[in-house]
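So you can see what is in the structure, the chains are spelled out below.
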Amino acid sequence: MSNISIDYEDELNTVLGYSDYNLIIKPEGSSDSRHIYCRTQECTVENLITDAINIAGNGDFTILNGGAVRDNLNKGNITRGSILDMLPWFNNIVIKQLPGQVILDALEFGVSNYPAASGGFPQISSNLSFDFNPSINSTVICDEMGLFVNVTGERRVSNVKVNGQKLDLNKIYNVSMLEFTANGGDGYFIFTKYDVYREALITDTDALTYYL
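Residues numbered from 1 in each chain as written. Predicted model: local features only at pLDDT ≥ 70, side-chain atom pairs only at ≥ 80, totals over all residues. Heavy atoms only, no water.

**Structural notes on a nonpolar patch on the surface**
For clarity, the threshold we go by: Patches draw on residues past 30% relative accessible area with no salt bridge. Two like charges within 9 Å are joined, as are two nonpolar side chains (Val, Leu, Ile, Met, Phe, Trp, Tyr) within 5 Å. What sets the accessible areas is the Shrake-Rupley method with a 1.4 Å probe; for residues, cover comes only from the shown protein chains. Whenever a carboxyl oxygen of Asp or Glu lies within 4 Å of a side-chain nitrogen of Lys or Arg, that contact is scored as a salt bridge. Here a helix means four or more residues in a row that DSSP labels H or I, a strand means two or more in a row labelled E, and each is numbered from the N terminus. We call a residue buried when its accessible area falls under 20% of the maximum for its residue type, exposed when it is over 50%, and partly exposed in between, using a 1.4 Å probe and counting protein chains only.
On the surface, a cluster of nonpolar side chains totalling about 280 Å² of accessible area is made up of I55, Y211 and L212. Tracing the sequence through the fold places I55 in helix α3 (residues 44-57). Look at I55 and you get exposed, because its relative accessible area is 57%.

**A short note on the state of the cysteines**
Using the following cut-off: Note that a disulfide, as used here, is simply two cysteine sulfur atoms within 2.5 Å.
The full count for this structure, using the stated rule, is one disulfide. Each sulfur in the disulfide pair C38 and C43 lies 2.0 Å from the other. Each member of the pair, C38 as well as C43, is classed as buried.

**Observations regarding the sheet that holds strand β11 (residues 172-178)**
Keep this limit in mind: Criterion used throughout: strands pair if DSSP finds at least two bridges between them. Whenever a helix is involved, its axis is fitted only over the stretch in contact; in every case the axis is a line through C-alpha atoms, and angles between N-to-C directions fall within 0 to 180 degrees. Any pair of residues with heavy atoms lying within 4.5 Å of one another is described as a contacting pair.
Taken together, the five strands give an open sheet; going across it, the order is β5-β2-β11-β4-β12, and neighbouring strands pair in mixed fashion. Since the sheet does not close on itself, it has two edges, and those belong to β5 (122-124) and β12 (196-203), each with one partner. Along the sheet, successive strands turn relative to each other by an average axial angle of 30°, direction set aside. The sheet contact formed by strand β2 (residues 61-65) and β5 spans three bridges and is antiparallel. Within β5, the position partnered with N65 by the bridge is P122. Docked against the sheet, α3 engages β2, β4 (92-99), β5, β11 and β12, running at close to 130° with respect to β2. The strands that helix α5 (residues 100-110) touches are β2, β4, β5 and β11; relative to β4, the one it contacts most, it runs at about 115°.

**Points about helix α7 (residues 204-211)**
Buried within α7 are the following residues: D204, T205, A207, L208 and T209. Buried residues belonging to α7 abut β1 (15-19), α3, α4 (80-86), β4, β11 and β12.

**Quick word on the nonpolar core**
Note the threshold: Nonpolar cores were defined as sets of buried Ala, Val, Leu, Ile, Met, Phe, Trp, Tyr and Cys residues, with membership established by side-chain atoms within 4.5 Å.
Core analysis: the biggest nonpolar cluster contains 29 residues, and F61, I63, I103, L107, V160, V175 and F191 have the highest contact counts within it. Elements that contribute at least two residues to this core include exactly β2, β4, α5, β6 (128-132), β8 (148-151), β9 (157-162) and β11. Once residues within four sequence positions are removed from consideration, L107 is found in contact with I63, P122, I124, F130, V157 and V160. Judged by nonpolar contacts, the second largest core, of 24 residues, contains I53, L87, I95 and A207.

Next comes the structure, spelled out in structure tokens:
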């Protein structure tokens, strides 16, 4: 164990909460990113984290890239160390004001690589919901730089709702997200066209800590 680990051992072992269940993002012992469930489907760990991010950002909802979380949250005590294992990057939380159409297109882009695993697979807070039909072939078109252009055919994403209400394509929503995603990380270049409206002045790691 390094001196740094020794110096901070008590802090890392501080108990913040307790989980009655294993919240799993990958099979035990796997280090292969293709095995991370959050890159192909809804993920319980990221359900928790997106709600924490949304409260910290005070947005209408949160969209999080599936590749943001790196470890399971196992049943038992939740410590500062286990949070750092899940969220090691200390990503800042920002809020962007986005039209409903951009949100719809971002979700469509996010599921476009399925069934292949993708760090951009969208994980969302509990006040946003959508249906995803994987039997429809993706018709998302990107340019040579990988920038989203449009959707040319039937969409995989439908029935998008915010707090139970149908997404208004013309309405402006306050969307909490990580700075990584806001800057186009994991292919979300569609967000880079819009300036940061507000900074939450907190990282994802701290947001989950305070939420617990």
